[in-house]
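Coordinates in review
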Amino acid sequence: MLSSQQETKLNEQMRLEFASAHLYLQMAAHFDAAGFPGFSAWMRDQAAEEQVHAMKFFDFILDRGGAVVLGSVDAPPARFGSPLEVFEAALDHERSVSASIDGLYEGADRATAAFLDWFATEQVEEEATVAQIVESLRLAGSSGPALLIMDRDLGADRPRSAPPGA
Ligand SMILES: [Fe+2]
Ligand SMILES: [Fe+2]
């Protein structure tokens, strides 16, 4: 059984994962409109992954006899800048999510800590992936050909509408 304090914190993290999905979907829309279908497809996949993360919290709260409270999801910014700025914002976001996961360990019982370990590991991977993209975008600078090659590479093998978790 979850303490009420843990229940509240896990619900808040679930809300943050849904907000992440929302943010990345908004970024996907931005890239699609800006002529970067590959970056858009990458963001769509990312949004689907965040949805899966949110559902892991959803199920864990229920499995532990807690109450799921969805709450409201923060609206992402409607406008974004260059690809570099968008991915820098994504990296900042992932870092704040990692810090939030770390904070959940405080006062967590063993089962919750074990559940959180998957997310702690996942965050290392996500931060590294996005940091790598940011680094490549810095190198590409304002070179159109370099940006188009990156767009093609990031979008390779990603169908436009991947089913969640695919
Ligand atoms: Fe996540
Ligand atoms: Fe993430």
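First, a word on scope: everything that follows refers to the structure included in this document. Being a predicted model, the structure only gives us computed values, none of them experimental.

**Structural notes on the coordination of the iron ion (ligand 2)**
On the protein side, the iron ion (ligand 2) has Glu50 (OE), Glu94 (OE), Glu94 (OE) and Glu126 (OE) as donor atoms, found 1.9 to 2.6 Å from it. Mapped onto the sequence, the donors of the iron ion (ligand 2) take the spacing E-x43-E-x31-E. Here the iron ion (ligand 2) and the iron ion (ligand 1) are spaced 3.4 Å apart, and both take Glu50 as a donor. Placement of the pair is Glu50 in helix H2 (residues 37–63) and Glu126 in helix H4 (residues 110–140), with a sequence separation of 76 residues. The two residues Glu50 and Glu126 agree in class, both being buried.

**Considerations on the packing of H4 against helix H5 (residues 144–155)**
At a minimum axis distance of 9 Å, the contact between H4 and H5 shows a crossing angle of 155°. Viewed along their axes, H4 and H5 adopt a mutual orientation that is roughly antiparallel. Along this stretch, H4 crosses H5, giving a crossing that reads as right-handed. Counted together, Ile133, Ser136, Leu137 and Ala140 of H4 and Ala146, Leu147, Met150 and Leu154 of H5 form the full contact between these two elements. Residues that form the contact of H4 with H5 fall into these classes: seven nonpolar, one polar and no charged.

**Some details on the coordination of the iron ion (ligand 1)**
Note on the iron ion (ligand 1): its protein donors are Glu17 (OE), Glu50 (OE) and His53 (ND1). The metal-donor distances range over 2.1 Å. Read N to C, the donor residues that coordinate the iron ion (ligand 1) are spaced as E-x32-E-x2-H.

**Let's talk about the nonpolar core**
Met27, Phe39, Met43 and Phe87 are the most contacted members of the largest nonpolar core, which has 23 residues in total. When contributions to this core are tallied by element, the ones reaching two or more residues are helix H1 (4–33), H2, helix H3 (83–104), H4 and H5. Here Phe39 is in contact with Phe31, Pro83, Phe87, Leu137, Leu147, Met150, Asp151 and Leu154, once residues within four sequence places are set aside. Core analysis: the second largest hydrophobic core is formed by 14 residues, Phe18, Ala54, Phe57 and Phe60 among them.

**Topic: the environment of Gln5**
When you line up the elements, Gln5 lands in helix H1. When its relative accessible area of 56% is taken as the criterion, Gln5 is described as exposed. Each C-alpha atom, one on Gln5 and one on Ala108, is 9.5 Å from the other, the two residues being 103 residues apart in sequence.

**Regarding the packing of aromatic side chains**
Scanning the model with the defined rule gives eleven aromatic pairs in all. Between Phe39 and Phe87 the ring centres are 5.7 Å apart and the planes differ by 75°, which places this aromatic pair in the edge-to-face class. Highlighted residues: Phe39 in helix H2 and Phe87 in helix H3, separated in sequence by 48 residues. Overall, Phe39 belongs to the buried group, its relative accessible area being 0%. Arranged with centres 4.9 Å apart and planes meeting at 85°, the rings of Trp118 and Phe119 form a pair that is edge-to-face. Given a relative accessible area of 1%, Phe119 falls into the buried group.

Reading guide: rules and limits
- Residues numbered from 1 in each chain as written.
- Chains lettered and ligands numbered in written order.
- Predicted model: local features only at pLDDT ≥ 70, side-chain atom pairs only at ≥ 80, totals over all residues.
- Heavy atoms only, no water.
- Donors = N, O, S within 2.8 Å, 3.2 Å for Na, K, Ca; no water.
- Helix = DSSP H or I, 4+ residues; strand = E, 2+ residues; numbered from the N terminus.
- Buried < 20%, exposed > 50% of the residue type's maximum accessible area, 1.4 Å probe, protein only.
- Axes fitted to C-alpha atoms, helices over the stretch in contact; angles between N-to-C directions.
- Parallel < 35°, antiparallel > 145°, perpendicular 65-115°, else oblique.
- Left-handed = near helix turned anticlockwise from the far one by under 90°.
- Contact = heavy atoms within 4.5 Å.
- Nonpolar A, V, L, I, M, F, W, Y, C, P; charged D, E, K, R; others polar.
- Core = buried A, V, L, I, M, F, W, Y, C linked by side-chain atoms within 4.5 Å.
- Phe/Tyr/Trp six-rings, centres within 6.5 Å; stacked < 30°, edge-to-face > 60°.

On their own, these measurements won't tell you what the molecule is for.
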